[in-house]
Amino acid sequence: MAPSNKVAIRIRDAKPTMTRVERAVAEYVEPRLDRVKAMSIKQLAQSSKTSEASVLRFCKTLGYQGYRDFILSLSAALGSDKNEEENRRYTDIRPGDDLSTIIENVSFNNRRSIEESLSVLDKEQMARAVMLLCASPRVDWYGLGASGIVCEDAQQKFMRINKRCQAFVDGHSIQTAAALLGTEDVAVLVSNSGTTSEILDALDLVHAAGAKSIAMTRYSKSPLARGADVVLRISTPEVTFRSGAMGSRIAMLNLVDILFSGVASVQYDTIKEYLERTHDALSSRHRE
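Here goes a summary of the coordinates provided. Predicted model, so just to flag it, every value in this text is computed and none were measured. (Residues numbered from 1 in each chain as written. Predicted model: local features only at pLDDT ≥ 70, side-chain atom pairs only at ≥ 80, totals over all residues. Heavy atoms only, no water.)

A look at the sheet that holds strand β3 (residues 186-190)
To keep things clear, this is the line we draw: Two strands are said to pair when DSSP picks up at least two bridges between them. Helix numbers and strand numbers start at the N terminus; a helix is a DSSP run of H or I with at least 4 residues, a strand a run of E with at least 2. Only the contacting stretch of a helix is used when fitting its axis, a line to C-alpha atoms as for every element, and angles between N-to-C directions run 0 to 180 degrees. Throughout, a residue-residue contact means that at least one pair of heavy atoms, one from each residue, lies within 4.5 Å.
Across the sheet, which stays open at both edges, the five strands sit in the order β2-β1-β3-β4-β5 with parallel pairing between neighbours. Every interior strand has two partners, whereas the edge strands, β2 (165-168) and β5 (230-233), have only one. The mean inter-strand angle of the sheet, taken between neighbouring strand axes irrespective of direction, is 20°. Of the strand pairs in this sheet, β3 and strand β4 (residues 212-217) are connected by five bridges, and their pairing is parallel. Bridge assignment links V190 to a residue of β4, and that residue is M216. Packing against the sheet, helix α12 (residues 197-209) makes contact with β1 (139-142), β3 and β4, and its axis sits at approximately 165° to β3.

What about the packing of helix α10 (residues 146-159) against helix α14 (residues 245-266)?
Helices that pack against each other are described as a pair by the angle of their axes relative to one another and the distance between those axes. The criterion, for reference: These descriptions rest on fixed angle ranges, namely under 35 degrees for roughly parallel, over 145 for roughly antiparallel, 65 to 115 for roughly perpendicular, and the rest for oblique. In this scheme the crossing of two helices becomes right-handed for a clockwise turn of the near helix relative to the far one and left-handed for an anticlockwise turn of less than a right angle. Following the grouping adopted for this structure description, the nonpolar residues are Ala, Val, Leu, Ile, Met, Phe, Trp, Tyr, Cys and Pro, the charged ones are Asp, Glu, Lys and Arg, and the polar ones are all others, Gly among them.
Running from N to C, α10 and α14 cross one another at 20°; their axes reach a closest spacing of 9 Å. Accordingly, the angle class assigned to the pair α10 and α14 is roughly parallel. Along this stretch, α10 crosses α14, giving a crossing that reads as right-handed. Note on element contacts: α14 touches α10 through A245, R249, M252, L253, V256, D257, L259, F260 and V263, opposite A146, I149, V150, D153, A154, K157 and F158. A class-by-class count of the residues in the contact of α10 with α14 yields twelve nonpolar, no polar and four charged.

What about the pattern of salt bridges?
Selection rule: The term salt bridge refers to a side-chain nitrogen of Lys or Arg lying within 4 Å of a carboxyl oxygen of Asp or Glu. Categorising residues by exposure relies on relative accessible area from a 1.4 Å probe, with only protein chains included: less than 20% of the type maximum marks a residue as buried, more than 50% marks it as exposed, and the intermediate range marks it as partly exposed.
Enumeration over the complete set of coordinates arrives at eleven salt bridges. The partner of K15 in a salt bridge is E30, and the shortest N-O contact between them spans 2.9 Å. Of this pair, K15 sits in the loop between α1 (3-14) and α2 (20-29) while E30 sits in the loop between α2 and α3 (33-36); the two residues are 15 residues apart in sequence, bridging distant segments of the chain. Judged by its relative accessible area of 15%, K15 falls in the buried class. Of the charged contacts in the structure, one is a salt bridge between E115 and R112, with a shortest N-O distance of 3.5 Å. Separated by three residues within a single helix, E115 and R112 lie in helix α8 (residues 99-120), roughly one turn from each other.

So, α2
Going by this rule: Starting at the helix axis, one direction is taken to each C-beta atom, and the arc is that of these directions.
Looking only at α2, the buried set comprises E22, V25, A26, Y28 and V29. For α2, the angular spread of buried residues about the axis comes to 165°, placing them on one side.

Quick look at the environment of G262
Looking at the element boundaries, G262 is found in helix α14. As for G262 and V130, which are separated by 132 residues in sequence, their C-alpha atoms are 6.1 Å apart.

Some points on the packing of helix α11 (residues 171-179) against α12
Contact geometry for α11 and α12: axes closest at 8 Å, N-to-C directions at 10°. In terms of their interaxial angle, α11 and α12 are classed as roughly parallel. Two packed elements cross with a definite hand, and for α11 against α12 that hand is right-handed. Every residue of α12 that contacts α11 at G171, I174, Q175, A178 and A179 is listed here: E198, I199, D201, A202, L205, V206 and A209. Partitioned by chemical class, the residues of the contact of α11 with α12 number eight nonpolar, two polar and two charged.

Spelled out as structure tokens, the structure:
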């Protein structure tokens, strides 16, 4: 992915949790990236009708050390080569599209969701998540709706390496399971928004049980992300009909695959027998 997209992604994903004045800076910057790269902090503050302190807070909210760091990153990004694929936008469901267009648009959206999520993924957090999963005797996955599908996929994968892993996809079972966790257990809480009430209630129960928590979510400043021990972020488009459900599901399924592969790699000598046994069992069924 082009670096220019990474700057735009940071702004887009941070906007919902920005203060009013930070968002005013963001609204000015987003459509004027080329112009902003040549501005001083004073000029940007005046143009966005804010203050230099607000611009500085905007930069730090995006993860930059200061205004100079933001401008250097923006300049480098805008100086990179762009191609037609990188300049395309996410496409929502539209009436009257022919099937070829739908195939192309949906596939593009899914590819871009994975690519953008990788651009915001913290590898240190991923490494911590893999180590927690390796060490835990029990791993619960909590999610509702499309997030529940992600949890069920994780259960299916981790069962193959004989990991005590279960998906809970309704509010009552999530609360019950979370209340019964032990201090060495891990719960993975999946929520695109990071504000789902049932998932936040479960997070409180996970903490009360003394277990570890891994959040899989979009927003780094959401209640779920702020409360979890480890945060695995995704990035998805802002669309209307799709509501992010398709893009977030694809991005989260990709994170599940990374987690599974990471755990399997670390514990390969131990789990390769399980992989072979489950492969043989499934292969024998296919021959019948």
